[in-house]
Amino acid sequence: MTMHVQHGYGQGDRIAALADHSVVHSVILSPTDQGPRKLLETSIDCQDRGLSVLLDPQSYIYAPDIGAVARNHEENDLEFIGMNWSQPPTSTMDMIARVGLLNDAIGGSIRIAPSPLQSSFADVWTPLSIQLARAGSDAWGREKTIATLAIEESAFSDRAQVDAWLDVATTLEVRGFYLLVQRSNTSYPPVPWAAETLANVMSAIYVLTELNDYEVHWGYSDLEGLLGLAAGATAIATGWSHGLRQFSTSKWVPRTGGRQPAMRYP
């Protein structure tokens, strides 16, 4: 079993405290929460502690446009405001080049390819996600490339579309997939999954890993990630706050006002 630390705001000494646990092997870095110099410092510190690093490009906050703001993306040269489902190949290659440069700067070897957020397995953004994975593989090589699948939870309710996507995804020359499933309800405590939907997530993981020898890294997965491991997932990622344990792009949408934090339960 492999556990990634899902990096984010409020790092403190948490990664250092986790590094001594043999189950933790790597950290998925967040370019929203640290600029390039601090990201490099964090990466060096992680690697000195025996942890490998991956960088999440977080491009899913730009497409479709949800009004999200990423504090340090401009400084990290990862602002993809013009990202479009019909963008030309030159724009796709530019995105890959910029992600590659930041990985080079922080010493990342395996690269997570950028991707838009998909509402389903058959929406207009799906081909761009596939093309970004292919472009990443062409630029970095198969063994260094992890494709991103950032998708709404409801997409897994349609098994026929899941299978159709798998038919295409399993032709990709990539090392594996970074899976992000946006929950339809992000309240705390987390609401239960629909049984059929979660079963289809497990099935997709099994098809990718056990039947096709890809890696699957399930980000922001928390407890349901344990089921993913049982289905064949290579690794799961979770963090120290609710926003790092449940994937939702609403996390990056600015809000006004505030409210008292919800009571937390172990």
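These lines cover the structure that appears in this document, whether it is placed above or below.

**Observations concerning the overall build of the protein**
If you tally the helices and strands in the protein, you get 7 helices and 9 strands. In the protein, the share of contacts with a sequence separation of at least 24, taken over all contacts with a separation of at least 6, comes to 70%. Total accessible area on the protein is roughly 12,100 Å²; 53% of this is exposed by carbon and sulfur atoms. In the protein, 18 side chains carry a positive charge and 29 a negative one; their mean positions are 6 Å apart.

**Some details on helix α6 (residues 195–211)**
When the terminal C-alpha atoms of α6 are compared, their 23 Å separation across 17 residues agrees well with the 24 Å that a helix rising 1.5 Å per residue should span. Looking at the packing, one finds that the buried side of α6 touches α5 (159–169), β7 (176–182), β8 (215–218) and α7 (224–231).

**A few points about the packing of helix α3 (residues 89–106) against helix α4 (residues 126–140)**
Between two packed helices, the angle of one axis relative to the other and the distance separating the axes together describe the packing. The interhelical angle for the contact between α3 and α4, taken along N-to-C directions, is 55°, at an axis separation of 9 Å. The pairing of α3 with α4 is recorded here as oblique in orientation. For the pair α3 and α4, the crossing hand works out as right-handed. For the pair formed by α3 and α4, the contact residues are T92, M93, M95, I96, V99 and G100 on the first element and L128, Q131, L132, A135, G136, A139 and W140 on the second. Tallied by class, the residues present in the contact of α3 with α4 amount to 9 nonpolar, 4 polar and no charged.

**Observations concerning the side chain of D56**
With respect to the helices and strands, the residue D56 is situated in the loop between β3 (52–55) and α3. K251 is the oppositely charged side chain nearest to the buried, salt-bridge-free D56, at an N-O distance of 8.4 Å. Here Q58 takes part through its backbone nitrogen, which lies 2.9 Å from a polar atom of the side chain of D56. Engagement of the side chain of D56 in a polar contact is seen with the side chain of Y178, the distance being 2.9 Å. The contact partners of D56, leaving out residues within four places of it in the chain, are Q6, I28, L29, P31, I112, Y178, L180 and Y220.

**Thoughts on the packing of aromatic side chains**
Pairs of aromatic rings are described using the distance from one ring centre to the other and the angle between the two planes. Under the defined criterion, the tally for this structure stands at 9 aromatic pairs. Note on Y60 and F247: the rings are 5.1 Å apart at their centroids and 90° apart in plane angle, and the pair reads as edge-to-face. On the criterion of sequence distance, the pair formed by Y60 in the loop between β3 and α3 and F247 in the segment after β9 (235–238) is long-range, its members being 187 residues apart. A ring pair is formed by F177 and Y214, whose centres lie 5.2 Å apart and whose planes are at 75°; its orientation type is edge-to-face. Placement of F177 in strand β7 and of Y214 in the loop between α6 and β8 is noted, with a sequence separation of 37 residues between them. Of the aromatic side chains, those joined through ring pairs into one cluster are F121, F156, W165, F177 and Y214.

Cut-offs applied
- Residues numbered from 1 in each chain as written.
- Predicted model: local features only at pLDDT ≥ 70, side-chain atom pairs only at ≥ 80, totals over all residues.
- Heavy atoms only, no water.
- Helix = DSSP H or I, 4+ residues; strand = E, 2+ residues; numbered from the N terminus.
- Contact = heavy atoms within 4.5 Å.
- Areas by Shrake-Rupley, 256 points an atom, 1.4 Å probe, with all protein chains shown as cover.
- Lys, Arg positive; Asp, Glu negative; His and termini not counted.
- Charge placed at Lys NZ, Arg CZ, Asp CG, Glu CD.
- Expected span 1.5 Å × (residues − 1).
- Axes fitted to C-alpha atoms, helices over the stretch in contact; angles between N-to-C directions.
- Parallel < 35°, antiparallel > 145°, perpendicular 65-115°, else oblique.
- Left-handed = near helix turned anticlockwise from the far one by under 90°.
- Nonpolar A, V, L, I, M, F, W, Y, C, P; charged D, E, K, R; others polar.
- Buried < 20%, exposed > 50% of the residue type's maximum accessible area, 1.4 Å probe, protein only.
- Salt bridge = Lys/Arg side-chain N within 4 Å of Asp/Glu carboxyl O.
- Polar contact = N/O pair within 3.5 Å; in protein donor to acceptor, adjacent residues only side chain to side chain.
- Phe/Tyr/Trp six-rings, centres within 6.5 Å; stacked < 30°, edge-to-face > 60°.

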